Each structure stands twice: as structure tokens, then as C-alpha cells.
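# Coordinates in review
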Amino acid sequence: MTEISERPISDLSQAFERGELTPSDAVGAALDRIERHEDNLEAFEIVLADRAREAAEAATKAIATGHRIGPFHGIPFALKDLVDVAGLVTTGGTDVLSDNVATATATIARRLIAAGGILVGKTKTVEVAYGAWGTNQVRGTPWNPWDAEVHRMPGGSSSGSGVAVAARMAQCAVGTDTGGSVRMPAAACGLTGLKVTEGRLPLDGIVPLSQTLDTPGPMARSVSDAIIMFEALDGRHPTDTDSDLAAGAGLFEAAAAGISGLTLGVLTDAEREGVNADILELYDAALARLQRLGATIVPFELPVPIEDMKRDTGVLISADGYFHHGEMYEKPSNRIDTDVKPRILAGAEISSKRYIQALQRRRQRQRETLRAMANKVAAIMTPTLPTTAVAIDSINQAETPAVMTRAVNYLGFCAMAQPMGLAADGLPGSLQTIAPGGGEAMAIRIAAAFERDIGPLAPPPMLA
């Protein structure tokens, strides 16, 4: 494991500024790991090695001559292959779009590049992003690096992004989250992933699944790295992020604030029933840790059962997904993923009445949940996934592991997933911090306090 590939974004940035390392070193380390592991892990749709080296050389010269942009300058990152970059193909995870050359670059990609980030490649995704397990029959399922012997779910739909960052093939990556697609691969691969508030980040140039629920977001290996990437995605000026990082202000101040005095809501006994015993053991240990850090832990009963929100989220995703992609799935000659096909085509059976009723219920339930949380809990803590990463050959594609994650999209909230240790099977479990819309600072505050206390998760053993 090379030191460069392990270093956090802020450490790399400081090393660049001091002249101890260069962006060329960082990109070279990332490309070396891609060369060594990509054949086994299959995280990428395309690797942009020559382009990345040229950009790294330019960044190296710029920083050496005093033209450093900010903390993301020279950092290797990857994009989920739903996100357009002018001149490159955006497959959306389907062979049907294998010749879909983008004519413009998505706003979020332009912002990362403008902040000095260096794109090393585009990562694999579940077909049209409709799948929580991370599988893709047609274009391949990335291999979760936490098990060298058994092909396990990488988490979906941002499967390649999760694997690439966990395997140290990029410092961070973009995912998109419609029902948990940033947080579930982060959970399965032992990463930190931020699902941002609905509407916070622009969606132009991103292959849609549900215009109602889609949100892009950062996937990284620490809270601090996720903050730096999030600020770039959010369009914040790099010098402002740099100033906040140096002064411990803004989101970095929130990350350092600690959680003493906060009241955190946790699962009720009824909601715990669907969670695997190993995950519950990690979850209870995490809650005890948060309590030792000064938080008050209270059972919190949502005004609407999680299962009901999961079901209504499925209605919205299928209806929206059919609107965007139904024609592609109805054409018999198209080579498509037969696991995704019934999910999309189910949208054809959803009447306008049922769809509008689901939207109306959603708005009502958002108001009810905000009222229930007000002055009672600062955030809600849940496991991100109910199990560790299951073996691919044991997956039931008619079910979804997005039990705890869909509710966040449904409510328009934000949430951060992060490692909470290794379960008995040696695979990572994940803690989810859920905050109301606009509450990214609160989610970051809680997640950072937990991360400081528990310490970093070791790299996947197969990469040592």
C-alpha cells in the first residue's frame, strides 16, 4: 500500500504546497493501483490515464509557480458513468448508450475540474442506476475488495465509485443517490458517503433515474475528504474552502465541534427487527460510543414507518424511471439487464392518480417528520445497510437492501454513511446519520465526532 494512495486529501494538498509531493506523484500512484487491481476489481468503464497524467503535470507546474487553486487542486478523483464529460461516452451502465458521446460537461464535473481535481476515469454503475446491490449483468459487476475469495455486492448503484475509492484507485469519487446509491456502496466498501439535501446540487448532464429524488454526492475515505469534495461539488470558491480549512471555520468548524449536549434519535425495537445481528452489535457499540462522547440517545419513532416510506419511494422511482427509460426497455432488440427491466417496466402500471397521491403523501410526511424532530432530536442514527456485503450468488433481485436509506430521499433530508467497524465476518458495517434538509453541517458534526473517536478503518485486506 503506497503512502500516497493512503493520504487524506488535505494532507496531500499540504504536501503539494510544501513541495514534498506533486499532483503527478498522486496521479501516478492512483494509476499504478488501477494497473495492478483493475483487472480483478473491474471498477471502471474507462480509465483516462494519458489525460490524467497531462492534467497532473499542468497542476504540478501551476502549484510550483504559486498558482495553487485550493485544497482539491491536483487530487485524483473518479466520476460515476452517469455524469457527462464533453467528448467522452456516458453509458449510464447500459449497452444501449455505448455510443452516447456527451456534447457538454455536467455542472458538477465542471466544478470539480475547476477546483483543480484530476479525473482518472469513469466508474461502473448499475444499469440506469436502478439497483441497490450494485450488480450489472451486461457491463459487469465490480468486485468488492473486502473479500478476495467471494464476489460480494459492491453496493449500488454507484458500485464502481465505491470499489475505486476503497481500492485506493482514486482519492474520492462522485456517486448519485436516489434511494441510497451513494450510501449503500459506501457502506458495503467501508467508505464515507454524503447524501446531500434534495435540490442542493445541480442535476444537468447526469443520466436521470428519478428527477424527483436524484442527488449526486461525494464518496471518500474520511469526513474531511468528503467535506472538501462536497464544497467543490457545491460550487464554493476553492480559496474560501482553503481559508475555512486553515482556520477551522465553516463545515470544518462543525466537524470539530463535538456532540456533547446533542440528542440523537435511534431505532425503535420494531425497526431493529429487520437488521442482521452482527450489524446490530456494531450499531449498539456505536450508540454507546456516541453516548460516551456526550450525546443523549433516545428511541425515536418516525411518524411514518420506514417500510411505508420505502414502498412509496419505489413507486416514485419506478414511475420516474419509466418516463425516462421505458422506451429503451420496451424495445426487444436492446441488450439490457433483465434484473433492472421489471423495475423500470413496473412504472408503466403506475397510474397518474397513484403517482400524484404518492407525491402528496410525501409532502405531508415530510412536514410530519420535521415536526416530530423539532426540538427533540438533532439527527436520527441508523445502520446504513441491514447486513454486511452479501455474496452475489445469494442476492434476491426482487428485494432491496435500501431499507434504511430510501426514507432519507423520500423526506428530502441529507445523511452521511460511515464505517462503524468490522462485523464478525470481517466485513465493514456502516452507521448512517440522518439530518433534516439543509442540515449537512449537523450530519458532518456527528459523523466527524464518531470518526475521531473510533479511528480510521484499515484498508481492505486483499489490497495489502
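This one's a predicted model, so the numbers in the text were calculated from it and none came from an experiment.

A few words now on the overall build of the chain. In terms of helices and strands, the chain carries 17 helices and 11 strands. Projected onto its principal axes, the C-alpha coordinates of the chain cover approximately 60 × 60 × 40 Å. A burial count over the chain gives 60% of its 464 residues as buried. A separation threshold of at least 6 residues defines the contact pool for the chain, and within that pool the share at least 24 residues apart is 77%. Accessible surface, the chain as shown: approximately 16,900 Å² in total, 50% of it carbon and sulfur. Computing the positive centroid from 42 side-chain charges and the negative centroid from 56, the chain places the two 5 Å apart.

Right, let's get into the side chain of Gln-366. Mapped onto the elements, Gln-366 comes out in helix H15 (residues 352–373). Excluding residues that lie within four positions of it along the chain, Gln-366 makes contacts with Tyr-410, Leu-411 and Gly-412.

Turning to the packing of aromatic side chains, a few remarks are in order. Applying the stated criterion to the full structure yields one aromatic pair. Taken together, a centroid distance of 5.9 Å and an interplanar angle of 40 degrees make the contact between Phe-72 and Phe-77 tilted. Judged by relative accessible area, Phe-72 falls into the buried class, the value being 3%.

Once that is clear, we can look at the packing of helix H13 (residues 306–330) against H15. Between H13 and H15, whose axes approach to 10 Å, the crossing angle comes to 135 degrees. For the element pair H13 / H15, the angle class is oblique. For H13 against H15, the interelement crossing comes out left-handed. Counted together, Asp-308, Asp-312, Val-315, Leu-316, Ala-319 and Asp-320 of H13 and Arg-354, Tyr-355, Ala-358, Leu-359, Arg-361, Arg-362 and Arg-365 of H15 form the full contact between these two elements.

By the criterion of burial, strand E4 (residues 172–177) is predominantly enclosed, with six of the six residues buried. Neither face of E4 is left uncovered, since the one carrying Cys-172, Val-174 and Thr-176 and the one carrying Ala-173, Gly-175 and Asp-177 both have all their residues buried. Bridge analysis of strand E2 (residues 76–80) against E4 gives three bridges, and the strand direction is parallel. The residue of E4 that forms the bridge with Phe-77 is Cys-172. Here E4 pairs with strand E6 (residues 215–220) via five bridges, running antiparallel. Of the residues in E6, the one forming a bridge with Val-174 is Pro-218.

The next point concerns unusual backbone geometry. Excluding glycine, a negative phi dihedral is what most residues carry, and trans is how most peptide bonds are arranged. The omega torsion of the bond from Gly-156 to Ser-157 falls at 5 degrees, within 30 degrees of zero and hence cis. The residue Val-128 is not glycine, and still its phi comes out positive at about 45 degrees. The topology assignment puts Val-128 in the loop between strand E3 (118–123) and helix H6 (159–166). The phi angle at Ala-129 is positive, at roughly 70 degrees, despite the residue not being glycine. Position of Ala-129 relative to the elements: it lies in the loop between E3 and H6. Residue Ala-129 is classed as buried on the basis of its relative accessible area, which comes to 5%.

Let us now look at the environment of Ala-232. The topology assignment puts Ala-232 in helix H8 (residues 223–233). On the accessibility criterion, Ala-232 (6% relative accessible area) is buried. The spatial distance from the C-alpha of Ala-232 to the C-alpha of Ala-115 is 6.2 Å, given a sequence separation of 117 residues. Here Ala-232 is in contact with Arg-111, Leu-112 and Ala-115, once residues within four sequence places are set aside.

Now for the nonpolar core. Where a protein is soluble and globular, its nonpolar side chains tend to be buried together. Ranked by internal contacts, the top residues of the largest apolar core, which has 51 residues, are Phe-72, Leu-79, Val-83, Leu-112, Val-174 and Met-416. Considering each element in turn, this core owes the most residues, eight residues, to H8. With residues up to four places along the chain from it excluded, the contact list for Phe-72 reads Ile-9, Phe-77, Leu-112, Ala-115, Gly-116, Gly-117, Cys-172, Ile-228 and Met-229. Residues Leu-267, Leu-302, Ala-407 and Ala-423 belong to the second largest nonpolar core, which totals 39 residues.

Here the focus is helix H17 (residues 440–454). For H17, which comprises 15 residues, the first-to-last C-alpha distance of 21 Å matches the rise-based estimate of 21 Å (1.5 Å per residue) to within 8%. Three or more residues of H17 are buried, namely Glu-440, Ala-443, Ile-444, Arg-445, Ile-446, Ala-447, Ala-448, Ala-449 and Phe-450. Following H17 by one or two positions, Gly-455 has its phi on the positive side, about 85 degrees.

This part covers the sheet that holds strand E5 (residues 192–195). Here we have 11 strands laid out as an open sheet, ordered E1-E3-E2-E4-E6-E5-E10-E11-E9-E7-E8, and mixed in their pairing. Looking at the sheet topology across the chains shown, the edges are occupied by strand E1 (44–47) and strand E8 (296–299). Geometrically, the sheet is characterised by an average inter-axis angle of 30 degrees between neighbouring strands, direction not taken into account. The strands that helix H3 (residues 23–41) touches are E1, E2 and E3; relative to E1, the one it contacts most, it runs at about 130 degrees.

With that out of the way, let us pick up the confidence of the model for the chain. Predicted confidence across the chain gives a mean pLDDT of 97, with 99% of residues reaching 70 or more. The weakest mean pLDDT in the chain belongs to helix H1 (residues 3–6) at 92; the strongest belongs to E3 at 99.

Turning our attention to the pairing of strand E7 (residues 263–266). Every other side chain in a regular strand lies on the same face of the sheet, so the side chains alternate between the two faces. Pairing of E7 with E8, which is carried by four bridges, proceeds in the parallel orientation. Opposite Leu-264, over in E8, you have Ile-297 as the bridge partner. Of the pairings in the sheet, the one linking E7 to strand E9 (residues 379–383) comprises three bridges and is parallel in character. Its bridge partner lying in E9, Leu-264 is registered against Ala-379.

Another aspect to go through is the side chain of Arg-183. Looking at the element boundaries, Arg-183 is found in helix H7 (residues 183–189). A relative accessible area of 0% places Arg-183 in the buried class. Excluding residues that lie within four positions of it along the chain, Arg-183 makes contacts with Asp-177, Gly-193, Lys-195, Thr-384, Thr-405, Val-408, Asn-409, Ala-415, Ala-417 and Gln-432.

Conventions adopted
- Residues numbered from 1 in each chain as written.
- Predicted model: local features only at pLDDT ≥ 70, side-chain atom pairs only at ≥ 80, totals over all residues.
- Heavy atoms only, no water.
- Helix = DSSP H or I, 4+ residues; strand = E, 2+ residues; numbered from the N terminus.
- Buried < 20%, exposed > 50% of the residue type's maximum accessible area, 1.4 Å probe, protein only.
- Contact = heavy atoms within 4.5 Å.
- Areas by Shrake-Rupley, 256 points an atom, 1.4 Å probe, with all protein chains shown as cover.
- Lys, Arg positive; Asp, Glu negative; His and termini not counted.
- Charge placed at Lys NZ, Arg CZ, Asp CG, Glu CD.
- Phe/Tyr/Trp six-rings, centres within 6.5 Å; stacked < 30°, edge-to-face > 60°.
- Axes fitted to C-alpha atoms, helices over the stretch in contact; angles between N-to-C directions.
- Parallel < 35°, antiparallel > 145°, perpendicular 65-115°, else oblique.
- Left-handed = near helix turned anticlockwise from the far one by under 90°.
- Pairing = 2+ DSSP bridges.
- Core = buried A, V, L, I, M, F, W, Y, C linked by side-chain atoms within 4.5 Å.
- Expected span 1.5 Å × (residues − 1).
- pLDDT = per-residue confidence, 0-100.

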